[in-house]
Structure formats: structure tokens, C-alpha cells
Amino acid sequence: MESIASDYFGDKYSLRVRRSACLTMAKFMTLSMKYTRKNRVILADVLEKSKDCTIRSNAIISFGDLLLRFPNEIEHYTGKIFSCLEDKDFQVKSNSLKVLSRLVLADMIKPKGHISKIAALVTDPESSISSPARLFFVELGKKNNAYIYNFLPDIISNLSGSKGLPENRFQEMITFLFELLEKSRNTESLVTKLCSRFNNTK
Amino acid sequence: MFLQYDDLFKRFHSALEFHESISISVPKISILLNSRNSTDVQEAISFFKYAFRMEIENAIVGIQKMLKLIFTKEKAVKEALLEAFVEIYLKDSKSETEVDDNEDAPGNHKKSLAAIEIRNLSNMILKLNQGELICAETLIQQLYEAKKFDQIHLRVLWERYAMKLANTSPEESRAALIIIGMIASAEPTLVRNDTNMNNIITVSLEERKDDYRLVADTCNVLLKTFKIPATESMEQFYKLQPDNVLFQKLKNILTNSITNTSNSYWYLMASSIIKVIYYLSEKPDYTIAEIIHKCHDNITKSAKDPENKTVSDVSVGYFIFLLGEIAVCLLNHLDLHVMKEIKIRQFIKEKDLNSKKQAKSTKGKRKSSSKSDKSMVSNEDDDDGLGPNNNEDPYQEQISKICNEEVLFGSYLI
């Protein structure tokens, strides 16, 4: 089972067999913690390296479920799931957005710096990606408006500048996020945080 | 004379235009169904009810969208919705005029009425997508609980399913099965009773076992008979004997189909069969073990057959999928069902102990002897390892151990 799943490039086994194998391996992992510990590396590699987008989207969904079942075992792979938000394939992006929104809104994982990747999707050209991304931030704001205040400095640092989003998309995203902010009390601390970040810029 | 025809023609023309403009307005009014104002929603429901009965073209789309309103918390909207569906499907006035033409005996009259209503309902059900089917199920459950379905309706449904009525197509039979399943989720005894169960086994699993989609739907209906019992009522799980003919048939269908790769519904059918075996059999492990061995044998046999080299990789894929499904169902079985069964048994034991304690104290014995009785009882508890404080832990641990280690790493099966 493991050998089929680790055939990332499709050299040895056919597509159908590999798809079934990855899915079944994920199901075995939900059953047994021991199996999870042994094989989580393979699943994480599948997520990165597999050429077939169906296998990758199935792997993301399985990771989401495994995080709910065995949170401690899978914790340090959360970075890999977040990087799937930048995947080329639409299905993979959409699935990872759905899985991550569900997990973050249920407080199962803390996005920390990775939240900027979700913010980048708010202005994605595909409406079926940008509207769930916007809905995610709206729900996050409803849950606890302070979260948005806390995340804004990270979002701004990661997405501005030459490495980040193009200018117009960045402005649209920031306008959207600012509209979600409510109280004025936290605004001052936000301004202080942003000013302190200016010191780090070139 | 031409003036008359001219007039008639103009009338038909305006009627058609009117019809078209109403059709165009349907999508806009569907948006009203999502309004927060409950009077808007009620008016929209009323509109679709009339539009459908007047056979406006895309009114059916509005009806399908209305289905999701069944989950609304507003009582007025829910009532309006139920009433609309009863009027559309269960009291069709057009069907009354159709039947008046046949001068039949009163019994047949009622039956033909029911038949037409069920036919309309089936046509709607066949067009629904997955999410809408779930809404329809809740709707039908509520209609059944409000006693809107008669015995005659049920009889017509069973006959359509078995294709005993003339001119029933396989699709219509499948729709009848789905509706029976939806009613069964409100009333599990409908399917649990022996005659109906045998009926299902004969029709779906013998006569039409090559229609994988029907087999999958049949298994879903059988699953509706299953409910996790509440601890306090001490109900028993509804389980069948492992050598029941149902499981034999399902096993044969699954093992024989693993090498048949042309049907796209195999995955659907296989996962529902495995679920039925785990949910309804008293000892699922033996049946599952036999299935695994037989499938494996069938695949190796077909691989050795010189003509079939290309078929085998899909079969291998099927086999791997099967193993995964079994793993998930096993987890469900152990974690939920077995634990629940243990809890119920402990609850029963505790209840017995409490009633014994009460009986002893009401017999009026002296305090010291009743104290010693109690200490004797608690000693017994400790010996059994079932004292009220730690009754769950040893079982929970054992189950986690089985899940974590023995299933995948133990030597007995794989």
C-alpha cells in the first residue's frame, strides 16, 4: 500500500490504483494512530509531489480529517496544507480553502503567519474561490473581531512589496478587510504595530 | 368567420406571452425564497404552488429550490411549505378529473388516485441532486408523521418498486424505492418487517442484481432501519443473524462484481454494501473476512486468465478501495456501536444492582446488615472490574488498542 502511494510520478503503477491506494492509506490512518505515525510522511509528500490533482485534493481533505482525529500527530504538517492554497490547480485550491476555513473557524489550528495566503485569495479572479475566502474572513470577524486586528500586520507585511500581490489586488483586499473592523479602541494598537513594522522595512 | 379565428388566435398569442413572462420571472422569485422576511417566503411558496399546477415551464425549478426551506426555523414558513407540497403532490385535483372518466369501483378509484400522485412525486424525485434529496427526505418524513400518506400510497409504492404495475420503468421503480426509504427513516418498522425485507431481497438482490445503482439505493434503504438506541431506554440494536440470506446475497454480488470493471457505480455499491454488513449484522467480521478472501481469489484468477491483462488494474483499484472502506466502517463499528452496546449493558447492570439494593433496604433489615450487604455488593463490583467510577475506561482502552494495533498490524487477516 505504501509503495503504491509513494509512486508520485506514475512510473510503476497506474492512475486508478494510485488514487485508490492514497485514499485507502488515508482511511487506514484514521483507524490507527500507529499507522499514522508510520506513514504520515508519505501522505505529506503526496501532497507536495504528486502530479495528479485528484490525488492531491483527496490528500488535503484526508489531512483535514486526520487533524480532527489525531491533532497532535499531524500538527507540524499544517504548513504544507497552507502551501496548497497556492497550488496551480483550481480543485486543489478550492478544497484546501474549504478544509482550512473549517479548521480555523473550529479553532483546531492557529494560522499565524499563513493567514496571508488566505487573504491573497480574497481577490482571486475565480469567484468560487474569492467568495469562500471573503466569507471566511466575515465569519472570523463575527467570531472575534480581535483576530482580524491581530492578523492585519502579518497580512500587510507578507503581501505588500515586490514579492506580494499586485498593487490593485492588494488595495482591494485591504479595503475589504478594513471594512470588517469594528471598534476604534483596537485601531490605535493596530497603528502602533504597523509603525513598529516600518522600522523593519527597507 | 375569419374574425372569429383571428380573435382566437390573438387570445392564444397573449396566453403564450403571459405564460412566457411568468416563466421568465421564476428565477427572480426563487431569489425571494432566500429572503429574511417570512411573508416574502410564504408568498413565493404560494406563487410556485400555483405556477406548478398551471404547468408553467420552469416552475419545477422553484419547487426544487423550495425543498431546502424545510430546514427553516420559522414555523409559519414550514407549515406553508408542507401545505404546498401536500396540495401539489398528494391532492392533485387534475388527477381527480382524470379518474372521474373511469367508472371504477371505489377501491380502484382511490388506488388510481394514489397511483397518479405517486407518479408525480417520483418524477420530481428523479430530478433532484444530492443535497435536494436530503431535503426531500426530511420533507417526506414530516409529511408521513403528519399522516398524509395512506396505506394505499404505500401499497402503490411497493408495487411500483417490484414493477408489478403495468408500464413501470426501472427508473420509476428506483424512485419508488427511494421514496420507501425516505418514509422508512420516519418509520423503520416499515422495512424491518419480514415480508417487506424478503420482498426487497428478492427484487433488488436477485432479479436486478446487475443494476449496481439500484443495489446501492437498496442498501441505503436498509440502512434506514438502523438507529443508534438511547442508553436510558435500554433498546437493543436492530441486528440480523450473520447467516441471514441478505448477507449471503450481498457477499455474492460484491465478490462477483469485483472483476467487472465496466459499471461506473461500483464504488457507490461497494461502500453501501460494506456499511450494511457492518450496521446490520451481529458478527460482521466473519462475513467481511470471507469477502476479502474471495475477492482476492477472484482477482488472482482473472489475472491468470490470458485474455484479461488490462482489466486487472482496475480490479486491484477496487480491491484497495474495499480495504479502505472496511477500515472506516470498522472504526465506526468499534468506536460507536460496540461502545454504545457496552454502555447499555452497564446501564442495565447498574439498574439491576440498584433495584436489588432498594429491595434489600425495603425488606426492613437492621442497619448493620444492610451496610454489610452494600459492601458485599460493592466487592462484587470491584471483582468484576465494573465499579461505577471506572466502568468505561478499560473497554475504551481495549477498543483503542484494537484500532491502533491489531487491525492493521495483527497477523490474522491481512
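Analysis parameters
Residues numbered from 1 in each chain as written. Chains lettered and ligands numbered in written order. Predicted model: local features only at pLDDT ≥ 70, side-chain atom pairs only at ≥ 80, totals over all residues. Heavy atoms only, no water. Helix = DSSP H or I, 4+ residues; strand = E, 2+ residues; numbered from the N terminus. Buried < 20%, exposed > 50% of the residue type's maximum accessible area, 1.4 Å probe, protein only. Contact = heavy atoms within 4.5 Å. Areas by Shrake-Rupley, 256 points an atom, 1.4 Å probe, with all protein chains shown as cover. Expected span 1.5 Å × (residues − 1). Phe/Tyr/Trp six-rings, centres within 6.5 Å; stacked < 30°, edge-to-face > 60°. pLDDT = per-residue confidence, 0-100. Salt bridge = Lys/Arg side-chain N within 4 Å of Asp/Glu carboxyl O. Core = buried A, V, L, I, M, F, W, Y, C linked by side-chain atoms within 4.5 Å. Patch = residues over 30% accessible without salt bridge, like charges linked within 9 Å, V, L, I, M, F, W, Y side chains within 5 Å.

**Quick word on the overall build of chain A**
Link 1 in the chain: Summing up its helical and strand segments, chain A has twelve helices and zero strands in all.
Link 2 in the chain: Going from N to C terminus, chain A has its helices and strands arranged as α-α-α-α-α-α-α-α-α-α-α-α.
Link 3 in the chain: Across the 202 residues of chain A, 48% fall into the buried class.
Link 4 in the chain: Long-range contacts, defined here as pairs at least 24 residues apart, represent 64% of the contacts in chain A between residues at least 6 apart.
Link 5 in the chain: Only carbon and sulfur atoms are counted for the fraction: they give 52% of the accessible area of chain A, which is about 10,400 Å².

**Details of helix α4 (residues 53-69) of chain A**
Residues and elements named next belong to chain A.
Link 1 in the chain: The end-to-end C-alpha distance of α4, which contains 17 residues, comes to 24 Å, matching closely the 24 Å that a straight helix rising 1.5 Å per residue would cover.
Link 2 in the chain: Along α4, the residues that are buried comprise Ile55, Arg56, Ser57, Ala59, Ile60, Ser62, Phe63, Gly64, Leu66 and Leu67.
Link 3 in the chain: The elements touched by buried residues of α4 are α2 (15-31), α3 (33-49), α5 (71-74), α6 (78-83) and α7 (90-105).

**Notes on the packing of aromatic side chains**
Working definition: an aromatic ring pair is given by the centre-to-centre distance plus the angle between the planes.
Link 1 in the chain: Applying the stated rule across the entire model yields twelve aromatic pairs over all chains.
Link 2 in the chain: Taken together, a centroid distance of 5.3 Å and an interplanar angle of 65° make the contact between A:Phe136 and A:Phe137 edge-to-face. A:Phe137 matches A:Phe136 in its accessibility class, with the two residues each being buried.
Link 3 in the chain: Among the aromatic residues, ring-to-ring pairing joins B:Trp266, B:Tyr267, B:Tyr318 and B:Phe321 into one connected group.

**A closer look at the confidence of the model for chain A**
Link 1 in the chain: With 90% of its residues at a pLDDT of 70 or more, chain A has an overall mean of 80.
Link 2 in the chain: Mean pLDDT values over the elements of chain A span from 60, in helix α1 (residues 2-5) of chain A, up to 88, in α7(A).

**With respect to the environment of B:Ser173**
Residue and element names in this part refer to chain B.
Link 1 in the chain: Position of serine 173 among the secondary structure elements: in helix α9 (residues 170-186).
Link 2 in the chain: Serine 173 sits in the buried class, given a relative accessible area of 0%.
Link 3 in the chain: Each C-alpha atom, one on serine 173 and one on leucine 280, is 24 Å from the other, the two residues being 107 residues apart in sequence.
Link 4 in the chain: In this structure serine 173 touches Arg160, Tyr161, Met163, Thr168 and Arg208, once residues within four positions along its chain are discounted.

**So, the pattern of salt bridges**
Residue and element names in this part refer to chain B.
Link 1 in the chain: On inspection of all chains with the given rule, the structure shows 19 salt bridges over all chains.
Link 2 in the chain: Lysine 111 is paired through a salt bridge with glutamate 159; the nearest N and O atoms lie 3.3 Å apart. One end of the pair, lysine 111, is in helix α6 (residues 106-126); the other, glutamate 159, is in helix α8 (residues 151-161), and 48 residues separate them in sequence.
Link 3 in the chain: Here lysine 111 falls in the partly exposed class, since its relative accessible area comes to 26%.
Link 4 in the chain: Of the charged contacts, one joins glutamate 341 and arginine 345 as a salt bridge, the two residues approaching to 3.1 Å between their closest N and O atoms. Of this pair, glutamate 341 and arginine 345 both sit in helix α16 (residues 312-362), separated by four residues, roughly a single helical turn.

**Focus on the nonpolar core**
Link 1 in the chain: Membership of the largest hydrophobic core comes to 162 residues, with the highest contact counts inside it found for A:Phe137, A:Met173, B:Trp266 and B:Leu322.
Link 2 in the chain: Among the elements that line this core, the one with the most residues is α16(B), at 13 residues.
Link 3 in the chain: Apart from residues lying up to four places away in sequence, A:Met173 is in contact with A:Ala119, A:Val122, A:Thr123, A:Ile155, A:Leu159 and A:Leu165.

**Digging into a nonpolar patch on the surface**
Residues and elements named next belong to chain B.
Link 1 in the chain: On the surface, Met1, Phe2, Tyr5, Leu8 and Phe12 cluster together into a nonpolar patch covering about 680 Å² of accessible area.
Link 2 in the chain: Here methionine 1 lies in the segment before α1 (2-32).
Link 3 in the chain: Using a relative accessible area of 67% as the deciding quantity, one classes methionine 1 as exposed.

**Looking at unusual backbone geometry**
Residues and elements named next belong to chain A.
Link 1 in the chain: Of note, the phi angle at aspartate 107 is positive, near 60°, even though the residue is not glycine.
Link 2 in the chain: Looking at the secondary structure, you find aspartate 107 in the loop between α7 and α8 (115-121).
Link 3 in the chain: Residue aspartate 107 is classed as partly exposed on the basis of its relative accessible area of 47%.

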